[in-house]
Amino acid sequence: MHVEDALLGKWIAAVKKPQSSREEEIYLTLSKKTDTEYHISITGNLHELRPYRILISDSLNGTAFMSLVDNRQFFNININSRVYIAELKLKDDKLTLLPLAESFTAKMIRNTADLRKSVEVHYKTRVLPLLDDDFCLHNMTKLN
């Protein structure tokens, strides 16, 4: 799928800190890399990510491309040679990213067709998808 201009720019989300009532700002920046691929950058107070060994500096940088599975939009995000699948929702000028939990399927994924089928089956067989709640970014608003 082609890059959507409506997604490009800097987005902000207020994220509740684990084991605290404080909210912190997380910024998501999307820019065009190619006609079908995005540069993606996530910045903010990301210290909670250090134990996951995906944080090298004060931001996470990678690439993403859009997929459509069963009329749902997904970002396939590549950060530090790891791939994350996140449902993308844009409604009322608010952007939400909902990453699937790594264990959303017990199958060994060997190719893109297997991945597409696993995501499709997962959404059809569950009341709610199995998400990685710690990394969800809800109702982000676009900064000018």
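Please refer to the structure higher up on the page.
Note that the coordinates shown come from a computational prediction; the quantities given were computed from them, not determined experimentally.

Student: Looking at this structure, how should I read the packing of aromatic side chains?
Tutor: One pair of aromatic rings is described through two measures. These are the centre distance and the angle between the planes. Per the counting criterion, the structure on display carries two aromatic pairs. Taking 5.0 Å as the distance between ring centres and 75° as the angle between the ring planes, the aromatic pair formed by Y38 and F75 counts as edge-to-face. One end of the pair, Y38, is in strand β3 (residues 37-44); the other, F75, is in strand β5 (residues 72-79), and 37 residues separate them in sequence. Aromatic side chains F74 and Y123 sit 5.5 Å apart centroid to centroid with 75° between the ring planes, which places their arrangement in the edge-to-face category. Here F74, found in strand β5, pairs with Y123, found in helix α1 (residues 112-125); they are 49 residues apart in sequence, far enough to count as distant. Using a relative accessible area of 2% as the deciding quantity, one classes F74 as buried. Residue placement shows K10 over the ring face of Y27; its charged tip is 4.9 Å from the ring centre.

Student: Sorry if this is basic, but what is going on with α1 here?
Tutor: An α-helical turn contains 3.6 residues, so any two residues separated by three or four positions project in the same direction. Along its 14 residues, α1 runs 20 Å from first to last C-alpha, staying within 8% of the 20 Å computed at 1.5 Å per residue. Restricting attention to buried positions, one finds in α1 the residues S118, V119, H122 and Y123. End-on view of α1: buried residues confined to an arc of 125°, all on one side of the axis. α1 presents A113, K124 and T125 as exposed residues on the side facing more than 90 degrees away from its buried surface. At its buried positions, α1 is contacted by β4 (59-69), β5 and β6 (82-91).

Student: Explain unusual backbone geometry to me, please; I cannot follow it from the model alone.
Tutor: If a residue is not glycine, its phi is most likely negative; likewise, a peptide bond is most likely trans. For N80, which is not glycine, the phi dihedral falls at a positive 50°. Inspection of the secondary structure puts N80 in the loop between β5 and β6. Phi at D93 takes a positive value of approximately 60°, unusual for a residue other than glycine. With respect to the secondary-structure elements, D93 resides in the loop between β6 and β7 (94-99). The class for D93 is exposed, based on a relative accessible area of 66%.

About the cut-offs
Residues numbered from 1 in each chain as written. Predicted model: local features only at pLDDT ≥ 70, side-chain atom pairs only at ≥ 80, totals over all residues. Heavy atoms only, no water. Phe/Tyr/Trp six-rings, centres within 6.5 Å; stacked < 30°, edge-to-face > 60°. Helix = DSSP H or I, 4+ residues; strand = E, 2+ residues; numbered from the N terminus. Buried < 20%, exposed > 50% of the residue type's maximum accessible area, 1.4 Å probe, protein only. Lys NZ or Arg CZ within 6 Å of the ring centre and 35° of its normal. Expected span 1.5 Å × (residues − 1). Arc of directions from axis to C-beta. Contact = heavy atoms within 4.5 Å.

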